[in-house]
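# Examination of the molecular architecture
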Amino acid sequence: MSQRQLKINGEDKTVDVPDNMPLLWVLRDVLGMTGTKYGCGIAQCGACTVHLDGRAIRSCQMPVSAVGSRAITTIEGIGKTPTGARIQKAWLDEEVVQCGYCQSGQIMSASALLATTPKPDDADINAAMAGNICRCGTYVRIRAAIKRAAEGEQPT
Amino acid sequence: MNATFKDSIAEPSRRAFIKGGVAGGFLLAFHVPVFGGINEPNQPADDTNGKFAPNAFIRIDKAGKTTLVMPQVEMGQGVYTSVAMILAEELDADYSQVTLEHAPPNDKAYGNPTFGIQVTGNSNSIRAFWKPLRTAGASARAMLIQAAAKQWKVDPSGCAASDGKVTHGASNRTLSYAALADAASKETPPKDPPLKDPKQFKLIGKPQKRFDTPSKVDGSAVYGIDAMLPGMKFATIMASPVFGGKVSKVDDTAAKQIPGMQLVIALDDMVAVIGDHFWAAKSGLDALKITWDHGPNATVSNDAIWKHLRDESAKDGVIAKSVGDVKKAFESGEKFHAVYELPFLAHATMEPMNCTVQLKPDGGCEIWLGTQVISRVQQTVAKLLGVSDDKVIVHNHLIGGGFGRRLEPDMALKAVRVAQRLNGEPVKVVWSREEDMRQDVYRPVYRDEISATVSDGKIAGWRYKISGSSVIARWLPPAFQKGIDIDSIDCAVDQPYDFPNLEVQYMRVEPPAVPTGFWRGVGPNNNVFAIECFIDEVAKKLNKDPIAFRKSMLDKGPRFKAVLDLVAQKSAWGQPLGKRVGRGVCLQPAFGSFIATVIEAEVDEQGEVLLRKVNCAVDAGIVVNPDTVVAQLQGGIIFGLTAALYGEVTIDGGRVQQSNFHNYRMLRIDQIPSIDVHIVHSGEAPGGIGETGATAGPPALRNAIFAATGIPLRRLPIDLDVLAGRKQPWV
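Cut-offs and rules
- Residues numbered from 1 in each chain as written.
- Chains lettered and ligands numbered in written order.
- Predicted model: local features only at pLDDT ≥ 70, side-chain atom pairs only at ≥ 80, totals over all residues.
- Heavy atoms only, no water.
- Helix = DSSP H or I, 4+ residues; strand = E, 2+ residues; numbered from the N terminus.
- Contact = heavy atoms within 4.5 Å.
- Phe/Tyr/Trp six-rings, centres within 6.5 Å; stacked < 30°, edge-to-face > 60°.
- Buried < 20%, exposed > 50% of the residue type's maximum accessible area, 1.4 Å probe, protein only.
- Lys NZ or Arg CZ within 6 Å of the ring centre and 35° of its normal.
- Domains from an automatic or database assignment.
- Buried area = accessible area lost by both parts, 1.4 Å probe.
- Salt bridge = Lys/Arg side-chain N within 4 Å of Asp/Glu carboxyl O.
- Polar contact = N/O pair within 3.5 Å; in protein donor to acceptor, adjacent residues only side chain to side chain.
- Axes fitted to C-alpha atoms, helices over the stretch in contact; angles between N-to-C directions.
- Parallel < 35°, antiparallel > 145°, perpendicular 65-115°, else oblique.
- Left-handed = near helix turned anticlockwise from the far one by under 90°.
- Nonpolar A, V, L, I, M, F, W, Y, C, P; charged D, E, K, R; others polar.
- Pairing = 2+ DSSP bridges.

### A word on the environment of Asp-410 of chain B
All names here are of chain B. Along the chain, the position of Asp-410 falls in helix α13 (residues 410–419). The sequence separation of Asp-410 and Ala-685 amounts to 275 residues, and the corresponding C-alpha distance is 35 Å. Every residue in contact with Asp-410, bar those within four places of it in the chain, is listed here: Arg-405, Trp-431 and Gln-439.

### A word on the packing of aromatic side chains
Residues and elements named next belong to chain B. Applying the stated criterion across every chain, the model contains 17 aromatic pairs over all chains. Taken together, a centroid distance of 6.1 Å and an interplanar angle of 75° make the contact between Phe-243 and Tyr-442 edge-to-face. Of this pair, Phe-243 sits in the loop between β8 (233–239) and β9 (246–251) while Tyr-442 sits in the loop between α14 (433–438) and β19 (446–455), placing them 199 residues apart in sequence. On the accessibility criterion, Tyr-442 (0% relative accessible area) is buried. Summarising the aromatic geometry, the rings of Trp-475 and Phe-518 are spaced 5.3 Å apart at their centres and angled 80° between planes, so their arrangement reads as edge-to-face. Remark: Phe-518 occurs in the loop between β21 (502–508) and α17 (522–541) and Trp-475 occurs in helix α15 (residues 471–475); sequence separation between them is 43 residues. This pair shows no difference in class: Trp-475 is buried, exactly as Phe-518 is. Here the aromatic cluster, defined as three or more aromatic residues joined through ring pairs, consists of Trp-462, Tyr-497, Phe-499 and Phe-534. Taking NZ or CZ as reference, Arg-702 lies 5.1 Å from the ring centre of Phe-706, over its face.

### Overview of the domain arrangement of chain B
Residue and element names in this part refer to chain B. In terms of domains, chain B is made up of domain 1 (3–217), domain 2 (224–295 + 353–430) and domain 3 (303–344 + 442–723). Distance from the C-alpha centre of domain 2 to the C-alpha centre of domain 3: 37 Å. The interface of domain 2 with domain 3 comprises 11 residues on the first partner and 17 residues on the second. Summed over both sides, the interface of domain 2 with domain 3 buries roughly 1100 Å², with 59% coming from carbon and sulfur. Where domain 2 meets domain 3, there are 1 salt bridge. A salt bridge links Arg-474 to Glu-408; the nearest nitrogen and oxygen atoms lie 2.8 Å apart. On inspection of domain 2 and its partner domain 3, the count reaches 5 residue pairs in polar contact (both at pLDDT 80 or more).

### A short note on the packing of α17 of chain B against helix α21 (residues 692–709) of chain B
Residue and element names in this part refer to chain B. Contact geometry for α17 and α21: axes closest at 9 Å, N-to-C directions at 25°. When the axes of α17 and α21 are compared, the pair comes out roughly parallel. Note on packing geometry: the crossing formed by α17 with α21 is right-handed. Here α17 contributes Pro-524, Asn-525, Val-528, Phe-529, Glu-532, Cys-533, Asp-536, Glu-537 and Lys-540 to the contact with α21, which in turn contributes Ala-694, Thr-695, Pro-698, Pro-699, Arg-702, Asn-703 and Phe-706. Class assignment of the residues belonging to the contact of α17 with α21 gives a composition of 8 nonpolar, 3 polar and 5 charged.

### Considering the sheet that holds strand β1 (residues 2–8) of chain A
Residues and elements named next belong to chain A. Strand order in this open sheet of 5 strands is β2-β1-β5-β3-β4, and the pairing throughout is mixed. Each having just a single partner strand, β2 (11–17) and β4 (55–58) make up the two edges of the open sheet. Neighbour-to-neighbour, the strand axes of this sheet turn through a mean angle of 40°, independent of strand direction. Where β1 lies against β2, 7 bridges are found, and the strand directions are antiparallel. Looking at β2, one finds that Ile-8 is bridged to Glu-11. Against the sheet, helix α1 (residues 23–30) makes contact with β1, β2, β3 (49–52) and β5 (71–73), and its axis sits at roughly 100° relative to β2, the strand it touches most. Against the sheet, helix α3 (residues 103–116) makes contact with β3, β4 and β5, and its axis sits at roughly 35° relative to β3, the strand it touches most.

Shown next, in the form of structure tokens:
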């Protein structure tokens, strides 16, 4: 157990947790930030995806001691970034969501993709999103929403 | 689109609320659901003065707030939006201002008309509630009009309602529903309020944005697993990995060294670990040395389960349907015979099983979870605690995947048993993914045997026998009559084709040890798979085109013919394809909808299946929210294809061998083709849609593989070794 500082969505948080505790559970159970989801605990499903310095990582496999000074962004904060806001809007416009449980992770993976690859092609989308499982099968719309976000507002 | 809804989620966050030190679960629960609160249906907390609550579904207060109470639970299928649309349509509410609420447990007020209890399942939310909800809305509208007419001293027939207002055209006077709420509450509900002519619909049939989406893209949606209570403890559990086993001994020496691990609880059949957080609880559980008494199921294996099913299925079953003279029909014609087998499947909802419980000093408790059966949760927990039902308060939540898994109350019962070992502190019990996969109620193994005789190019005699577990017999015993499971044979007795002589038999065979449950698509999954695979095998032998052959037996099914024609056109049916590429069709009658699906797939030399294109034509009668129908079919087809390609739970030593997504695979985005859904416009009664895609996918893919390779697969999941020629097909 040790006290440590975390920078989450631009705010400084102090937590006192075991060094090997995955960031996922620090977020959910210690800080009460429940937007980040538990799905598998072994980095197979992507429901727990957050950003460290803008890069998508699986928080269920990230010991809190390994975060260091890197900035953590979660689903609660992603809307404050330009790409995150575009992705969220595209998700609404395409009506992507069904049960929604995986969508925090999907949106975090998609916004990280768009930040580094503003015009992703299908292969880019596959590479960035294949780690995120959606049991409801919203994949067709996830792809469409990423393309919509990349192209900006489409005429309707 | 919905200001009130926006307001409700813009309220202080739940965490801030907890930090503010407000104690008590009920108050907290007010912030748990996204839609503003769980209260008694006719007891709005904000304004009890002058409210108009004509029925269990509708409340209008003096400030004009219109609250619609959702009898069916939202698990991704879009039902909250569809239900709100139906109510608002007939109520002529200002749709942009309505607020939605989860219904509390109350079978009388919110029971599903099909089951008599509160159940969200069997794709029947819209089918079962179409009339009751329309009537509820129309009745309230009539009372509001009546109240306005009295106030103006005019004939009600000269008044009209729209957008939350009543207008008297002749005098050009208008009153809002808010202004009329008090007076309307004194009106008597009309006996048979007139329903709108569908031509007048303003909402129904017009695509509407879903109410639940905004909170699901910004992380603010609250699922059962997100419930947070002041002073809450976190727990995780492990039940005997061998079905029916017991805890013999628990060594917690190592677990005690885990920081944050608080308590190990050994119960008869499971062990729970309490911690400061899930991580401490899970690490503690992993560090335990548990000795199990495996009991009599320790030797149950997959082979034994299949041998049992095959042996039992050879016996005579119960005749579920008989048409014409089957015996005579089989005296002539060309004979066909095939057997199809389907494996156990896990639900693998993305939100693992969980339940939060706080025991109360009065012997009852308060529960937070997402469930498809809220009243059953209440009743089974009350029975466990030995209290009356009203002592158990259940707060329902948005569901992170149901698929039938949350038709069971087991996660609530287990959590309550853990809470009973604490000192009244609230406890959130979250299952690990491994526990979720190993303690499921599994889609049963099925064995479906079909024989047919063909005369003059048509099927003249048809014998179909379904053998498998009866989930109904356990889950809804009164519906299990005369040895017949109405779910397992659903689309065997209600099948599309003009078979002049037909016999359907059902043989109940319970697998040793393994608990079985409903799984998205339910009984029709096995029926439609067997029938549609068999039809393709007969068509091929007769050298007939699969769609043309189907149409030749659909003289009494114009809606089936129409969806087949549409999907044939959209899928370029009959156009040449490359080597090892094929198209497969599936026609299905299930859940009151008429659906034809064509999948185009390629099988490479290694047996890998590449999904190239999916087209689906659907006649679901009157459609409430068209985009929901499209979304449910797109997603449901992927759900079904996932099972066809990968889904299989196997048993060894009395335990499930799969544990997580690495060995219970899911389709991922890089494998998904375009999926185009084409809606046939119809004025018929609404059909069900949530389960249909799961049923459609597997036979269409299997038939595409049959067309591509000539291999008639008769077992699922699809065996790549067979497709690569490394193994003989199972027959």
